[in-house]
Amino acid sequence: MTTAFSESVGIALRVNGEPVSARVEARRHLIDFLRLDLGLTGAHAGCEHGVCGACTVQVDGLIVRGCLMLAVQADGCDVWTIEGQSDTGAIRDLQDAFIARNALQCGFCTPGMLAACADLLAHDPAPSRAVIREHISGNYCRCTGYEAIVDAVEQVAARRGASPRAAE
Amino acid sequence: MKPAPLAYARASDLGHALALWREAGPDARLIAGGQSLVAGLNLRLADVPALIDISRIESLCGLGCEGGTLRIGALTTHAEIGRSEPVARHAPLLTEAAPLIAHPAIRTRGTLGGSLAYADPAAEWPACMLALDAVIVVQSETGERRIPAADFFLGLFETALQPFEILVAVEIPVIAAGRRQAIRELARRSGDYAMAGLAAAGTPSDGGLRDVTLAYFGLGSTAILAAGAMRILDQGGDLEDACAALDDDLDPADDLQASATMKRHLAKVLLRRVVAALSPVMSTA
Ligand SMILES: Cc1cc2nc3c(=O)[nH]c(=O)nc-3n(C[C@H](O)[C@H](O)[C@H](O)COP(=O)(O)OP(=O)(O)OC[C@H]3O[C@@H](n4cnc5c(N)ncnc54)[C@H](O)[C@@H]3O)c2cc1C
Ligand code: FES
Ligand code: FES
């Protein structure tokens, strides 16, 4: 094969707001790139075939499976991980609610879970419990039984809904 | 688990993709959303020497309606179809089906073209294409082929696509006045592939249904039109007779999710539910 094909590819993207350039193996999936090459170990690699949701991150404003997207496919994209989302404070209320409600125990699922829950609240400010459950159906938690996670999301939705009025 | 080393090239347009594919040979794979392919690469299910990334080809994106036909580009994602206003108006079956596919973080990247080319027997889109009489448009170096959905799905993960052919779009006749569409499925957990599912269309008339299409998924090696049950409903026959006809229309095998006997039972449950959705009058009988 000629030069058009390559086993290692140069990419340039933004990760948590910072420009990043790197050479990656074509076979490298995004979650390994973030974790092993950039040291952003927040999001986890669990099943690596799309089932558990531990690797959920945000790419160009949409949540994706980090294990089912190749790093080369993120060339030119805007990627956010739990590290960046924590630093900006964008989901501080959600994180606080997770702690207050015991919505995490071992924490393995939590970065992916927070990404999925933040995505839901961004698009649906007042989701029902059924809608919350549906939206996190692709994020496995082996510890909490989900009830506390749904409680936390519900609480944040209620508080965010109430706060604009409270501020008046 | 990680993919084996492989070569990669990103195609800038359709001609470029076809040229790259010819250069890399027939074993090279196109990658669109990657939601089936990368899972397979991670598990090393297939020996893939090279990937041709078609995911940024502009001409495969977007959808539009013209002259009674809704055309949906191959790269349109499950999520985009689910929230598309033209789709909701002209092919509401697809709006209803989109949220049944996998999970939100998979629907943002998985594409219509990828799902049809992959042809999982339990997938929703192939059955929807059968139910709506869609035409699958494919492109090769020698030109375009237009394949009716009924001739496209040949078997387990097998389609009419030849090597060096790219699925570019589907064309669906817009829903006619008075016509109804519905999809129901039974899955063990939300987001799982269905144990059994049914995508259907029909026109209520005289307390029955006319021009019925019943496309089952998860009940054979490919999506299947239940010809016998369709005929009975078209002729104004009884719903329970149509259910009985499914015994001949379908020949499911045991799989990890359900036994063949259970699948046959679920097929009838689904028919009753779908008929209730298409024709409220008929189901009360
Ligand atoms: C956990 C999980 C659950 C899932 N659940 C469901 C479900 O319930 N229902 C369902 O329908 N699907 C499900 N899927 C599959 C998902 O819908 C995929 O998005 C889809 O099957 C493939 O689309 P893709 O764009 O990701 O294709 P890719 O993975 O990129 O490609 C799949 C195959 O199609 C070929 N291909 C892709 N595009 C084209 C094209 N334009 N022309 C020719 N060949 C092409 C590729 O070469 C490859 O062989 C699930 C996936 C996962 C990981
Ligand atoms: S590691 Fe990606 S879904 Fe499990
Ligand atoms: S907190 Fe342990 S897996 Fe969710």
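Residues numbered from 1 in each chain as written. Chains lettered and ligands numbered in written order. Predicted model: local features only at pLDDT ≥ 70, side-chain atom pairs only at ≥ 80, totals over all residues. Heavy atoms only, no water.

*Asks:* Would you mind going over the environment of Gly73(B) in detail, with residue names and values included?
*Replies:* Residue and element names in this part refer to chain B. Mapping Gly73 onto the fold places it in strand E5 (residues 69–73). Residue classification places Gly73 among the buried positions, given a relative accessible area of 6%. Through-space distance from the C-alpha of Gly73 to that of Glu165 is 15 Å; in sequence the pair is 92 residues apart. (Helix = DSSP H or I, 4+ residues; strand = E, 2+ residues; numbered from the N terminus. Buried < 20%, exposed > 50% of the residue type's maximum accessible area, 1.4 Å probe, protein only.)

*Asks:* Give a detailed account of the sheet that holds strand E4 (residues 63–66) of chain B, specifying residues and quantitative values.
*Replies:* All names here are of chain B. Taken in spatial order, the five strands line up as E4-E5-E10-E6-E7 in an open sheet, and their pairing is antiparallel. Across the chains shown, the open sheet's two edge strands, defined by having one partner strand only, are E4 and strand E7 (143–148). With direction set aside, neighbouring strand axes in the sheet form an average angle of 25°. Looking at chain direction, E5 and strand E10 (residues 166–173) are connected through five bridges and run antiparallel. In the strand pairing of E10, Leu70 is matched with Ile172. The strands touched by helix H1 (residues 14–24) are strand E6 (135–140) and E10; relative to E10, the strand with the most contacts, the crossing angle is about 135°. (Pairing = 2+ DSSP bridges. Axes fitted to C-alpha atoms, helices over the stretch in contact; angles between N-to-C directions. Contact = heavy atoms within 4.5 Å.)

*Asks:* Summarise the side chain of Gln35(B); cite the residues concerned and give the values.
*Replies:* Relative to the helices and strands, Gln35(B) resides in the loop between strand E2 (29–31) and helix H2 (37–42). Of the polar contacts made by the side chain of Gln35(B), one reaches the backbone oxygen of Leu68(A); its length is 3.3 Å. Among the polar contacts made by the side chain of Gln35(B), one reaches the main-chain carbonyl oxygen of Gly33(B) at a distance of 3.0 Å. Excluding anything up to four places from it in sequence, Gln35(B) contacts Arg65(A), Leu68(A), Ala105(B), Ile106(B), Arg109(B) and Gly110(B). (Polar contact = N/O pair within 3.5 Å; in protein donor to acceptor, adjacent residues only side chain to side chain.)

Read these as spatial facts, not as claims about activity.
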